[in-house]
Amino acid sequence: MTAPTDNDKSLGRSANKRGAARLAAVQALYQMDVAGSGLLETTAEYEAFRLGKELDGALYREADPQWFRAILAGVVENQKTVDPVIRQALTEDWPLSRLDTTLRAILRAAVFELMKRADVPVAVIVSEYVDIAKAFYVEEEPKLVNAVLDRVSRRLRGEGRGRDA
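Everything numeric here is computed off the predicted structure, so don't read it as measured data.

### Re the overall build of the protein chain
Link 1 in the chain: Scanning the protein chain from N- to C-terminus turns up six helices and two strands.
Link 2 in the chain: Relative to its full complement of 165 residues, the protein chain shows a buried share of 46%.
Link 3 in the chain: Restricting to contacts in the protein chain with at least 6 residues of sequence separation, those with at least 24 account for 67%.
Link 4 in the chain: In the structure as shown, the protein chain presents an accessible area of about 8,700 Å², 49% of it carried by carbon and sulfur atoms.

### Focus: the nonpolar core
Link 1 in the chain: By size, the foremost hydrophobic cluster in this structure holds 46 residues, and its most contacted members are F68, I106, Y129, V145 and L149.
Link 2 in the chain: Elements represented by at least two residues in this core include exactly α1 (17-35), α3 (65-89), α4 (101-116), α5 (122-136) and α6 (141-157).
Link 3 in the chain: Setting aside anything within four residues of it in sequence, one finds I106 in contact with V26, Y129, I132, A133, Y137 and V145.

### What to know about α3
Link 1 in the chain: The first and last C-alpha atoms of α3 sit only 30 Å apart over 25 residues, clearly below the 36 Å expected at 1.5 Å per residue.
Link 2 in the chain: Capping the start of α3, D64 holds a side-chain oxygen 3.0 Å from the backbone nitrogen of Q66, two or three residues further along.

### Focus on the pattern of salt bridges
Link 1 in the chain: If you walk through the whole model with that rule in mind, you get 10 salt bridges.
Link 2 in the chain: Across the pair E47 and R69 runs a salt bridge whose closest N-O atoms are separated by 2.4 Å. Of this pair, E47 sits in helix α2 (residues 39-49) while R69 sits in helix α3, and the two are 22 residues apart along the sequence.
Link 3 in the chain: Relative accessible area serves as the criterion here: at 25%, E47 is assigned to the partly exposed category.
Link 4 in the chain: Since its relative accessible area comes to 32%, R69 is described here as partly exposed.
Link 5 in the chain: The salt bridge partner of E140 is K143, with a shortest N-O separation of 3.8 Å.
Link 6 in the chain: Overall, K143 belongs to the exposed group, its relative accessible area being 55%.
Link 7 in the chain: Each of R22, E113 and E128 takes part in one network of salt bridges that share partners.

### A short note on the packing of aromatic side chains
Link 1 in the chain: Here the structure, examined in full by the defined rule, presents one aromatic pair.
Link 2 in the chain: Pairing Y46 with F68 gives two aromatic rings, centres 5.6 Å apart and planes at 25°, and the pair type is stacked. With Y46 in helix α2 and F68 in helix α3, this pair connects stretches of sequence that are 22 residues apart. Of the two residues examined, Y46 and F68, each falls in the buried class.
Link 3 in the chain: We note R18 situated over the ring of W67; from NZ or CZ to the ring centre the distance is 3.7 Å.

### Re the confidence of the model for the protein chain
Link 1 in the chain: Residue-level pLDDT values for the protein chain average 85, and 85% of them are 70 or greater.
Link 2 in the chain: By mean pLDDT, the top-scoring element of the protein chain is α4 (97), and the lowest-scoring one is strand β2 (residues 58-59) (67).
Link 3 in the chain: Predicted confidence is poor over residues 1-15, with pLDDT under 50, and the contacts of this stretch with residues over four places away or in other chains come to 33 contacts.

### Focus on the packing of α3 against α6
Link 1 in the chain: Where α3 meets α6, the axes come as close as 9 Å, and the angle between the chain directions of the two elements is 115°. The angle between α3 and α6 places the two elements in the roughly perpendicular class. Viewed along their axes, α3 and α6 form a crossing whose handedness is right-handed. Residues V85, Q88 and A89 of α3 form the contact with α6, whose own contacting residues are V148, R151, V152, R155 and L156.
Link 2 in the chain: Grouping the constituent residues of the contact of α3 with α6 by class yields five nonpolar, one polar and two charged.

### Notes on the environment of G38
Link 1 in the chain: Mapped onto the elements, G38 comes out in the loop between α1 and α2.
Link 2 in the chain: Through-space distance from the C-alpha of G38 to that of V76 is 9.5 Å; in sequence the pair is 38 residues apart.

Scoring rules and cut-offs
- Residues numbered from 1 in each chain as written.
- Predicted model: local features only at pLDDT ≥ 70, side-chain atom pairs only at ≥ 80, totals over all residues.
- Heavy atoms only, no water.
- Helix = DSSP H or I, 4+ residues; strand = E, 2+ residues; numbered from the N terminus.
- Buried < 20%, exposed > 50% of the residue type's maximum accessible area, 1.4 Å probe, protein only.
- Contact = heavy atoms within 4.5 Å.
- Areas by Shrake-Rupley, 256 points an atom, 1.4 Å probe, with all protein chains shown as cover.
- Core = buried A, V, L, I, M, F, W, Y, C linked by side-chain atoms within 4.5 Å.
- Expected span 1.5 Å × (residues − 1).
- Polar contact = N/O pair within 3.5 Å; in protein donor to acceptor, adjacent residues only side chain to side chain.
- Salt bridge = Lys/Arg side-chain N within 4 Å of Asp/Glu carboxyl O.
- Phe/Tyr/Trp six-rings, centres within 6.5 Å; stacked < 30°, edge-to-face > 60°.
- Lys NZ or Arg CZ within 6 Å of the ring centre and 35° of its normal.
- pLDDT = per-residue confidence, 0-100.
- Axes fitted to C-alpha atoms, helices over the stretch in contact; angles between N-to-C directions.
- Parallel < 35°, antiparallel > 145°, perpendicular 65-115°, else oblique.
- Left-handed = near helix turned anticlockwise from the far one by under 90°.
- Nonpolar A, V, L, I, M, F, W, Y, C, P; charged D, E, K, R; others polar.

If you want it as structure tokens, here you go:
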């Protein structure tokens, strides 16, 4: 998985430290899922070698380390409650297990924030994670992320733009 860098225009707007932390958390969740690495090991690696650093010629954006840790630890600690919320928001023909690893990481991080970070507006969470999806995908995946997060935000917070399903 390649990391979007400051030179990428695919994220659509200037980087902010929380947005960079969200992107790094998605990348770390992906790495943990694929490599089977643990939370402490992955967190330490990202903080020492990636957040705001250059790695293999790519400059990682400066990120809010507390926000990064909170998302990463929160997803890991709450995965047994996060995953069922995602499953409910997916259509029957798209079970969570059918989604690729990057898409699962994006949805897990976003749903964690929707569930546990009531201090962050729904629109910010949805927008940031749809932008992250656009950094990795060009087809239907960003639309799927938007639809799933809209369904989840309506269920959890009573906010959203679509009709209740």
